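What follows is the residue order along each chain.
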Amino acid sequence: MTRAINGIIPVMLTPFNERGEIEWNGYEALIEWYLANGAQALFAVCQSSEMQYLSLEERVALATFTAERVKGRVPVVASGHVSDSLDAQRHELTALVDTGIDGIVLVTNRLATQDDSAEIFRHHLDALLVALPTEMPLGLYECPAPFRRLLSDDELRYCADTGRFVLLKDVSCDLETVTRRIALVEDTPLGINNANAAIAWPALCAGASGFCGVFNNIHPDLYRWLADHGDRHPAFAEELATFLVLAAQTEPMGYPKLAKRYHQRIGTLNSDHSRVIDFDIRERFWGVEPVIDRLLQGTEHYRARIRELMATA
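What you are looking at is a predicted structure, and each value in this text was computed from that prediction instead of being measured. (Residues numbered from 1 in each chain as written. Predicted model: local features only at pLDDT ≥ 70, side-chain atom pairs only at ≥ 80, totals over all residues. Heavy atoms only, no water.)

**Quick notes on the pattern of salt bridges**
Part 1: Per the stated rule, a full pass over the model turns up 25 salt bridges.
Part 2: Across the salt bridge formed by Asp87 and Arg90, the nearest N and O atoms sit 2.7 Å from each other. On the criterion of helical spacing, the pair formed by Asp87 and Arg90 is a turn pair, its members being three residues apart in helix α3 (residues 86-94).
Part 3: Judged by its relative accessible area of 56%, Asp87 is exposed.
Part 4: Here Glu289 and Arg261 are joined by a salt bridge, their closest N and O atoms 2.7 Å apart. Residue Glu289 is found in helix α13 (residues 288-312), and its partner Arg261 is found in helix α11 (residues 257-266); the two are separated by 28 residues along the sequence. Each member of the pair, Glu289 as well as Arg261, is classed as buried.
Part 5: Salt bridges linked by common partners bring Arg261, Arg265, Glu289 and Asp293 together as one network. (Salt bridge = Lys/Arg side-chain N within 4 Å of Asp/Glu carboxyl O. Helix = DSSP H or I, 4+ residues; strand = E, 2+ residues; numbered from the N terminus. Buried < 20%, exposed > 50% of the residue type's maximum accessible area, 1.4 Å probe, protein only.)

In structure tokens:
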């Protein structure tokens, strides 16, 4: 049976040192931070990992390192097929097969362009499925870069009916779409895992299989509490969800460097170096440090509130 991969799934950062090289000690510390803060799976080699700016060797190394350090404590999935040609994508994906990860995630905008027909999508998908081991669980990722290609209902059902897909990182950012997709795949192994903080709580209430948004790099434990306990504490869940939505609005202030700077502040990482964001976010966004102050304060405030609430529940 295909192994389920769901829950609170951080999209992992890639730490770099000041020379622009992967900083493996920081990456290991980050893995342990995710696991200590409620992660139920890890998504390595994704857009937050800066996958478009990593060599294939680096992508394979990240996937391998993650699987080796996690040691089965939670499932690890990875993507990283960034090329345009089908042959190159086949090479990129099959390179991940022996890394020890638990699932490989296919990026929808690599399977077809925005204007391509469903037939082209299925042709490219089928070619990649043939190249990948049938026992390897698969995922789908509606990555917004270089463009967002949402799956049609027919394409989603086509993927679900293969029985090989267990995860969709949904980037529709639309509760109605998420709810419809949950119903579309309910009799298959495929779970709909929402990536948008603005609808995280109502999507969970609607039956989403988890949350896979970028602010799992800031406070995954707060999303985990919503998923595990929110239905029993609806008033507090609404208050917490409001904080999480507002906190996530800081993403345009230089993410993923914003999240790396946050982790500098809490001691996980030594550097906020990024290949995607090649400028100092403190110069570009003048108020970013006070914003991070408030993210830290708000996160600790709600962690304390949760401890108090659960102690008296």
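**Considerations on the packing of helix α5 (residues 118-131) against helix α6 (residues 153-161)**
Part 1: Where α5 meets α6, the closest approach of the two axes is 10 Å, and the angle between their N-to-C directions is 25 degrees. When the interaxial angle is binned, α5 and α6 end up roughly parallel. Once α5 is placed against α6, the crossing between them reads as right-handed. Touching Ala118, Phe121, Arg122, Leu125 and Asp126 of α5 are Glu155, Tyr158 and Cys159, all from α6.
Part 2: In terms of residue class, the contact of α5 with α6 is built from five nonpolar, no polar and three charged. (Axes fitted to C-alpha atoms, helices over the stretch in contact; angles between N-to-C directions. Parallel < 35°, antiparallel > 145°, perpendicular 65-115°, else oblique. Left-handed = near helix turned anticlockwise from the far one by under 90°. Contact = heavy atoms within 4.5 Å. Nonpolar A, V, L, I, M, F, W, Y, C, P; charged D, E, K, R; others polar.)

**Section: α6**
Residues lying three or four places apart along an α-helix face the same way, a consequence of the helix completing one turn every 3.6 residues.
Part 1: Within α6, burial applies to Glu155, Leu156, Cys159 and Ala160. Along the long axis of α6, the arc covered by the buried residues comes to 135 degrees, so they all point the same way. Away from its buried face by more than 90 degrees, α6 exposes Asp154 and Asp161.
Part 2: Following α6 by one or two positions, Gly163 has its phi on the positive side, about 75 degrees. (Arc of directions from axis to C-beta.)

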